[in-house]
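# Chain and residue survey
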Amino acid sequence: QQQVKQSPQSLIVQKGGISIINCAYENTAFDYFPWYQQFPGKGPALLIAIRPDVSEKKEGRFTISFNKSAKQFSLHIMDSQPGDSATYFCAARRGNTPLVFGKGTRLSVIA
Amino acid sequence: EAGVVQSPRYKIIEKKQPVAFWCNPISGHNTLYWYLQNLGQGPELLIRYENEEAVDDSQLPKDRFSAERLKGVDSTLKIQPAELGDSAVYLCASAPGTAGDNEQFFGPGTRLTVL
């Protein structure tokens, strides 16, 4: 059973547009929700993370929206740029247990 | 500051051959992870170390996979014998600890191709 379900699988956005990637989770005990960005040939890198006691966190052009009752969280990339083209992974964990990753979303930002 | 170092970056072997991957974590990071990443998938944990102790190896296929972290620094992941289905990227990550939101820093991975 997949604990973190991510959608869409791939996304094409025009330069300057908003990219939105969604994740849904099953385990209500999860208490840490990060998003990772991965470029080809590189390992994933932490982009932004949120805890369930807040509904939104913003860092520059990147925002996480968190809906505890719906067990969903999403990544919004404002003013998307070609350099944002990468694969994005949502993840979740409970306490100090290992992260559980979604399957990833391949984002392409076209000029 | 140097990041997580992995070698080799690429490895091509025949099935049934042994293979080993090496990871040097960020200095001072006592937690080390090995992940498997299949094409188009997210990383899946194979094993987690706290210093030299393997604290979570429930997902490691122990019939063919083994790992060690001598002296609690560098780590080696071995597969013997390799199977076609082992073709994937093997990622190493390290963290300063295991507390809730300690960031994991990933290495570039080793891409294994088994022919």
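Residues numbered from 1 in each chain as written. Chains lettered and ligands numbered in written order. Predicted model: local features only at pLDDT ≥ 70, side-chain atom pairs only at ≥ 80, totals over all residues. Heavy atoms only, no water.

On to the interface of chain A and chain B. On the chain B side, the residues contacting the 18 residues of chain A number 21 residues. Of the roughly 1,600 Å² buried between chain A and chain B, counting both surfaces, carbon and sulfur atoms make up 48%. The interface formed by chain A and chain B contains three residue pairs in polar contact (both at pLDDT 80 or more). In terms of residue class, the side of chain A that touches chain B is built from eight nonpolar, six polar and four charged. (Contact = heavy atoms within 4.5 Å. Buried area = accessible area lost by both parts, 1.4 Å probe. Polar contact = N/O pair within 3.5 Å; in protein donor to acceptor, adjacent residues only side chain to side chain. Nonpolar A, V, L, I, M, F, W, Y, C, P; charged D, E, K, R; others polar.)

A word on the pattern of salt bridges. Residues and elements named next belong to chain B. If you walk through the whole model with that rule in mind, you get seven salt bridges over all chains. The salt bridge involving arginine 64 is made with aspartate 86; its shortest N-O contact spans 2.6 Å. Separated by 22 residues along the polypeptide, arginine 64 in the loop between β6 (53-56) and β7 (65-68) and aspartate 86 in the loop between β8 (75-79) and β9 (88-95) bring together distant segments of the chain. Owing to a relative accessible area of 7%, aspartate 86 belongs among the buried residues under this scheme. (Salt bridge = Lys/Arg side-chain N within 4 Å of Asp/Glu carboxyl O. Helix = DSSP H or I, 4+ residues; strand = E, 2+ residues; numbered from the N terminus. Buried < 20%, exposed > 50% of the residue type's maximum accessible area, 1.4 Å probe, protein only.)

Now for the sheet that holds strand β6 (residues 56-59) of chain A. All names here are of chain A. Across the sheet, five strands lie side by side as β1-β3-β8-β7-β6; this open sheet has antiparallel pairing. Only two strands of the sheet have a single neighbouring strand rather than two, namely β1 (4-7) and β6. Recorded for the sheet is a direction-independent mean angle of 15° between the axes of neighbouring strands. Here β6 runs beside strand β7 (residues 62-67); their pairing, made up of four bridges, is antiparallel. Looking at β7, one finds that lysine 58 is bridged to threonine 63. (Pairing = 2+ DSSP bridges. Axes fitted to C-alpha atoms, helices over the stretch in contact; angles between N-to-C directions.)

This part covers the packing of aromatic side chains. The full count for this structure, using the stated rule, is 18 aromatic pairs over all chains. Consider the rings of Phe66(A) and Phe73(A), whose centres lie 6.4 Å apart with planes at 35°: the pair is tilted. On the numbers, 6.5 Å between centres and 40° between planes, the contact of Phe65(B) with Tyr90(B) is tilted. Linking Phe65(B) in strand β7 with Tyr90(B) in strand β9, this pair joins segments that are 25 residues apart in sequence. Assigned by exposure class, Phe65(B) and Tyr90(B) land together as buried. Through successive ring pairs, a cluster of aromatic residues spans Tyr25(A), Phe30(A), Phe33(A), Trp35(A), Phe66(A) and Phe73(A). (Phe/Tyr/Trp six-rings, centres within 6.5 Å; stacked < 30°, edge-to-face > 60°.)

With that settled, consider the state of the cysteines. All names here are of chain A. Applying the stated criterion across every chain, the model contains two disulfides over all chains. Residue pairing for cysteine 23: its cysteine sulfur links by disulfide to cysteine 90, the two sulfurs lying 1.7 Å apart. Looking down the S-S bond of the cysteine 23 and cysteine 90 bridge, the torsion is -80°, so its handedness is left-handed. With cysteine 23 in strand β3 (residues 19-25) and cysteine 90 in strand β9 (residues 86-92), this residue pair connects regions lying 67 residues apart in the sequence. A relative accessible area of 3% means that cysteine 23 is categorised as buried. Taking relative accessible area as the criterion, cysteine 90 reaches 0% and is therefore assigned buried. (Disulfide = S-S within 2.5 Å.)

It is worth stressing that arrangement in space is one thing and function is another; only the former is reported here.
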